[in-house]
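Chain by chain, the residues:
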Amino acid sequence: MKPFLVSLVTVLILTLGCTGRKHFISDSTYRSQVEKQFEQRKKLAGHRNHQLFGVFDKDLSVEQEEALRFLFAYMPLSDLADYTGEYYLSQVNLSFQARDEFSWGKDIPDDIFRHFVLPIRVNNENLDTARAVIYNELRDRLKGLNMEQAALEVNHWCHEKVNYRGSDGRTSSPLASMKTGFGRCGEESTFTVAAMRSVAIPARQVYTPRWAHTDDNHAWVEVFVDGKWQYLGACEPEAILNKGWFDVPVKRAMMVHTNVIGIYKGSENVIDQTELSTKINSLPSYTVTKALTVIVRDTVGKPVKDARVEFRIYNYAEFYPMVTKKTDENGSATLLTGLGDLQVWASKDDKYAYSRVSVGSADTVYLKLQKAEGTEYTEITENIPPVEKSVESPAVAKQEENNKRLAQEDSIRNAYMATFMDQEAAEKFALECKLDTARVKHIIALSYGNWPDVTAYLKKNASNPLVLDFIESLSQKDIRDTQEAYMTDHLVNVTEPGKLTGELPKDVFDEGLLTARVVNELIRPWRSFLKAQFNDEFKSKARSDISVITRWINDSITVSATENYMGCPLSPQGVYELRVADKHSRNIFFVALCRSLDIPARVDLATLLPQVYTEGNWQNITFENTNAPVKSAQLTLLNDSKNELKPEYSIHFTLQKFADGHFTTLDYEGSELVAEFPVKLDLEPGYYLLMTGHRRNDGSVSVRSEYFNLSKGDKLTKTVILQPLEQVKQVEGIIPMDQAITDLSGKKYKLSELAGDKGIVLAFINPGNEPTRHVMSDIPLLKADFEKWGGKFVFVISENAPAYKPGMYKDLPAGSLFAADDNKTLLNETAKLLGKSINPPLPFVMFVTEKGEVTFTSIGYRIGIGENLLKETRVLAL
């Protein structure tokens, strides 16, 4: 009888109207769309059908069933592959429990609840049970508060748990961030959205994919409070909503957007909508925007339908596609964007066209697809970001109280982090396990809140000769959040080097067999699982002929370019069970399967192609009906002697390869291959672009783009040339150099005494906010250069600045001084003299000559400020 009852419930869902809270989706047309997608997802589930859809055999209410069907209908492949129906039912129940528990729950519109409370996934993080943990921690704390007060309070709780610190590109789950105590902005915002949704406050992560005026990007949170979307800095609580350190930079943004699960029908501007998701444009909420239309035509002037149009913004030495659209039947694509410069790139088949566009002065851009791969030339372009706009800081009576709370929350988080295993205990533990003391102490230091799992792994496997090598092969984030059982599964299923057929260089063994890390996926215990799925005959044939594996994958795994739209990689086990994957997850699966069968394999992080080690070299693998590309050409890059600073990859220059109508940057960021000049690279033949960018202090960039061919057997040399920038001293104002400043020990100095004949860098900082952390990480990178200049850095901290502790900043230039600024007196007097708003966003950094001339100022968020200041020291010497 159960199948009949489930079918009857389905009929009721599709036919009955909504009455009260018993129905989750009131619109019958929308229910039909959900049902259609639900059935398609059910077909995709394959071998995992019962694990996922067996939950519908339970005695569910109509509301539970509708909510589950909604989540299943729009589930990305990663969630179909790696989670269960029981997990999703528990999350649905928690969502309804929170909605019914808190007073604001009854006032949340159904569509807002459906898209911004119910979904567990925020971005590309691993899903966990954070909703239950957070709900239990916050339910009593929020009693008696209204919705706005609750949103602010949740953010204060988030700050108690997580603070900003940069990390790699894999997004930690909410509980992993909570366990560690820190995360980058994408992780802070993922954590904060999860916290808000846990207590039925609709929330979404919004982000600028790239800034226009400086390198890097940022993510924050919007909450639907009292009938409207309002913003806040994730884990950076303010006393009111719609206030954050990014108030000024977001006025210069060219795009702010968010991904929404399902077909969202809100009032926001829609960038793109598929059958699975909606991408909305939040930029109009933050700054002035304008519609830019691109018309794409062929060589005879006919409109081109379905041309790919990329709206690109300069950032990190590339033109990054912040939005990609397809043209309609009129050859048209339109984007609502900011008033800065873009590069618009259109392509279809083997033809392309592009143009630099100043959005403020252009409404329509016409592109004719007539360029083809292979033309060699060099061009210089200027790219101007939107102009900086001042933002009045709201007078917040509770700001001092808020600052005190921030300091208290820092102490709560620091007290938690003080419970982590210290170095003395780590040394004792290493001795007990008879393991190398220095290595164990370093590993424990990197483990943070995951130290119980790490020590359990080390103790359990202490006799294994690879126990330390394996954990050292992992990324720092892996060490912080991988479970003991997962690490042990990998370790005990690795064949030791002496038992392998044939000898391998140690670096090949470590990278190609030992480690569980492939690219950016969460580490799960795939090694024992995959070994058990294939018989000895398959394993033997695969070890002598890699095509046995590629044929099996081509025959067994369907590759989809659209179904995994949130970008979270499927686990190798999930790929095997689901038999559907995106290309990236398929490549990770290939490497995992190879390693499980003792075949050294990796993904080349520059090209993202899978590779196997054979005949003494890493060989590319492809799954399409083409020959694997071979690195049969060499490129040498030289540093131009006229460059005023050493170019850094992904900051000042990039190398890009042409494919499918556009250039893609080779990901050598952080690679030793590009660390020192001359840079020598083995590359595949093809059409390449060497791009350099030199950013001025106002955020504008001079970009040099050199297009060239690299043929088989070529040994080509190119020079990395930074366009020279004008060196002119521009005085923004003058401050009195006889005014006194007091260091943190109480000693007084006059600014003239500190400046001498070199000038000084005067920086008002707030150690509790993210922009300050960027500045204080940026300056040490140029320590030697600043010490050659010989001037002083004076870092000024107000008496109530949260999060500051003496000695917290390392490797600053010699002679750096920390000073106090009671009640922000010096800050505000300096701001007034320079025509800036009172209480400007921090950090407020300036270069001051010995005469008191301020030749450079930076307010708020800016990446690369060390380089900006270094240029000013050289202007002073002219």
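Residues numbered from 1 in each chain as written. Predicted model: local features only at pLDDT ≥ 70, side-chain atom pairs only at ≥ 80, totals over all residues. Heavy atoms only, no water.

**Some thoughts on the overall build of the chain**
Next, step 1: Summing up its helical and strand segments, the chain has 29 helices and 37 strands in all.
Next, step 2: Taking 878 residues into account, the globule formula puts the C-alpha radius of gyration at 29 Å, and the chain, at 28 Å, falls close to it.
Next, step 3: Seen through its C-alpha atoms, the chain measures out along the principal axes to roughly 90 × 75 × 70 Å.
Next, step 4: Scored against the burial criterion, the 878 residues of the chain give a buried share of 58%.
Next, step 5: Intrachain contacts of the chain at a sequence separation of at least 6 include 67% that bridge at least 24 residues. (Helix = DSSP H or I, 4+ residues; strand = E, 2+ residues; numbered from the N terminus. Rg over C-alpha atoms; globule rule 2.2 N^0.38 Å. Buried < 20%, exposed > 50% of the residue type's maximum accessible area, 1.4 Å probe, protein only. Contact = heavy atoms within 4.5 Å.)

**Quick word on the confidence of the model for the chain**
Next, step 1: Considering every residue of the chain, the mean pLDDT works out to 92; 96% of them sit at 70 or more.
Next, step 2: In the model, residues 1–20 has pLDDT below 50 throughout and makes 25 contacts with residues more than four positions away in sequence or in other chains. (pLDDT = per-residue confidence, 0-100.)

**Side note on the packing of aromatic side chains**
Next, step 1: The full count for this structure, using the stated rule, is 59 aromatic pairs.
Next, step 2: When the centroid spacing of 5.8 Å and the interplanar angle of 75 degrees are considered together, the rings of Y314 and F319 count as edge-to-face. Of the two residues, Y314 and F319, both sit in the buried class.
Next, step 3: When the ring of W345 is compared with that of Y352, the centres are 4.9 Å apart and the planes differ by 5 degrees; the resulting orientation is stacked. Assigned by exposure class, W345 and Y352 land together as buried.
Next, step 4: Put simply, the rings of W345, Y352, Y354, Y377, F658, F663, Y687 and Y707 touch in pairs and so form one group of aromatic residues.
Next, step 5: The ring of F38 carries R69 above its face, with NZ or CZ at 4.2 Å from the centroid. (Phe/Tyr/Trp six-rings, centres within 6.5 Å; stacked < 30°, edge-to-face > 60°. Lys NZ or Arg CZ within 6 Å of the ring centre and 35° of its normal.)

**Considering the nonpolar core**
Next, step 1: Counting residues in hydrophobic clusters, the biggest one holds 109 residues, and the most contacted among them are F72, Y88, V223 and I549.
Next, step 2: Of all hydrophobic cores here, the second largest spans 29 residues; its members include Y457, L466, M487 and F509. (Core = buried A, V, L, I, M, F, W, Y, C linked by side-chain atoms within 4.5 Å.)

**Here we look at the packing of helix α8 (residues 130–138) against helix α11 (residues 185–198)**
Next, step 1: Packing of α8 against α11 leaves a shortest axis separation of 8 Å and a crossing angle of 65 degrees. Every pair of crossing elements has a handedness; the one defined by α8 and α11 is right-handed. Within the contact between the two elements, α8 uses A130, R131, I134 and Y135 and α11 uses A194, A195, R197 and S198.
Next, step 2: Residues that form the contact of α8 with α11 fall into these classes: five nonpolar, one polar and two charged. (Axes fitted to C-alpha atoms, helices over the stretch in contact; angles between N-to-C directions. Left-handed = near helix turned anticlockwise from the far one by under 90°. Nonpolar A, V, L, I, M, F, W, Y, C, P; charged D, E, K, R; others polar.)

**Digging into the sheet that holds strand β9 (residues 290–297)**
Next, step 1: The sheet built from three strands is open, its strands ordered β12-β9-β15 with mixed pairing. Only two strands of the sheet have a single neighbouring strand rather than two, namely β12 (332–337) and β15 (364–368). Adjacent strand axes in the sheet meet at a mean angle of 20 degrees when their direction is disregarded.
Next, step 2: Note that β9 and β15 share five bridges and pair parallel. Looking at the pairing, I295 lines up with Y366 of β15. (Pairing = 2+ DSSP bridges.)

**Considering helix α19 (residues 506–514)**
Because each turn of an α-helix spans 3.6 residues, side chains separated by three or four positions in sequence point in the same direction.
Next, step 1: Those residues of α19 that fall on the buried side of the exposure criterion are V508, F509, G512, L513 and L514. Taken down its axis, α19 places every buried residue within 155 degrees of arc, on the same side.
Next, step 2: Elements in contact with the buried residues of α19: α16 (467–472), α20 (526–533), α24 (583–596), β20 (601–603), β21 (610–614) and β22 (617–620). (Arc of directions from axis to C-beta.)

**Comments concerning the sheet that holds strand β26 (residues 679–683)**
Next, step 1: In spatial order, the strands read β26-β23-β29; together these three strands make up an open sheet with mixed pairing. Each of the sheet's edge strands pairs with one partner strand only, and the pair in question is β26 and β29 (715–720). The average angle at which neighbouring strand axes cross in this sheet is 25 degrees, direction not considered.
Next, step 2: Bridge count for strand β23 (residues 633–639) against β26 is five bridges, and the pairing is antiparallel. Residue pairing for β26: Q634 is matched across the bridge by D682.

**With respect to the environment of G860**
Next, step 1: As for its position among the elements, G860 is in the loop between β37 (853–859) and α29 (865–876).
Next, step 2: Since its relative accessible area comes to 2%, G860 is described here as buried.
Next, step 3: Taking the C-alpha atoms as reference points, G860 and P249, separated by 611 residues in sequence, lie 7.5 Å from one another.

**So, the environment of L635**
Next, step 1: The topology assignment puts L635 in strand β23.
Next, step 2: Sequence separation between L635 and P452 is 183 residues; the distance between their C-alpha atoms is 47 Å.
Next, step 3: Leaving out residues up to four positions away in the same chain, L635 has contacts with L655, V679, K680, L681, L683, F708, L710, L716 and K718.

**Observations concerning the pattern of salt bridges**
Next, step 1: Evaluated as defined, the whole model comprises 51 salt bridges.
Next, step 2: Close ionic contact of E125 with R121 constitutes a salt bridge, the shortest N to O distance being 3.9 Å. With respect to burial, E125 and R121 carry one shared label: buried.
Next, step 3: The shortest N-O distance in the salt bridge between R170 and D478 comes to 3.0 Å. Residue R170 is located in the loop between β1 (163–164) and α10 (174–180), and its partner D478 is located in helix α17 (residues 476–481); the two are separated by 308 residues in the primary sequence.
Next, step 4: For R170, a relative accessible area of 8% corresponds to the buried category.
Next, step 5: A residue is classified by how much of its surface remains accessible, and D478, at 0% relative accessible area, is buried. (Salt bridge = Lys/Arg side-chain N within 4 Å of Asp/Glu carboxyl O.)

**Overview of the pairing of β37**
Strand residues, when the strand is regular, have side chains that alternate between the two faces of the sheet.
Next, step 1: With seven of seven residues buried, β37 is to be regarded as a mostly interior element.
Next, step 2: Pairing of strand β30 (residues 733–734) with β37, which is carried by two bridges, proceeds in the antiparallel orientation. Within β37, the residue paired with G733 across the bridge is V854.
Next, step 3: In terms of strand pairing, strand β36 (residues 844–848) meets β37 through five bridges, oriented antiparallel. Directly across from M846, in β37, lies its bridge partner T857.
Next, step 4: Where β36 folds back onto β37 in an antiparallel hairpin, the turn is made up of four residues, including G852, whose phi is positive at roughly 90 degrees.

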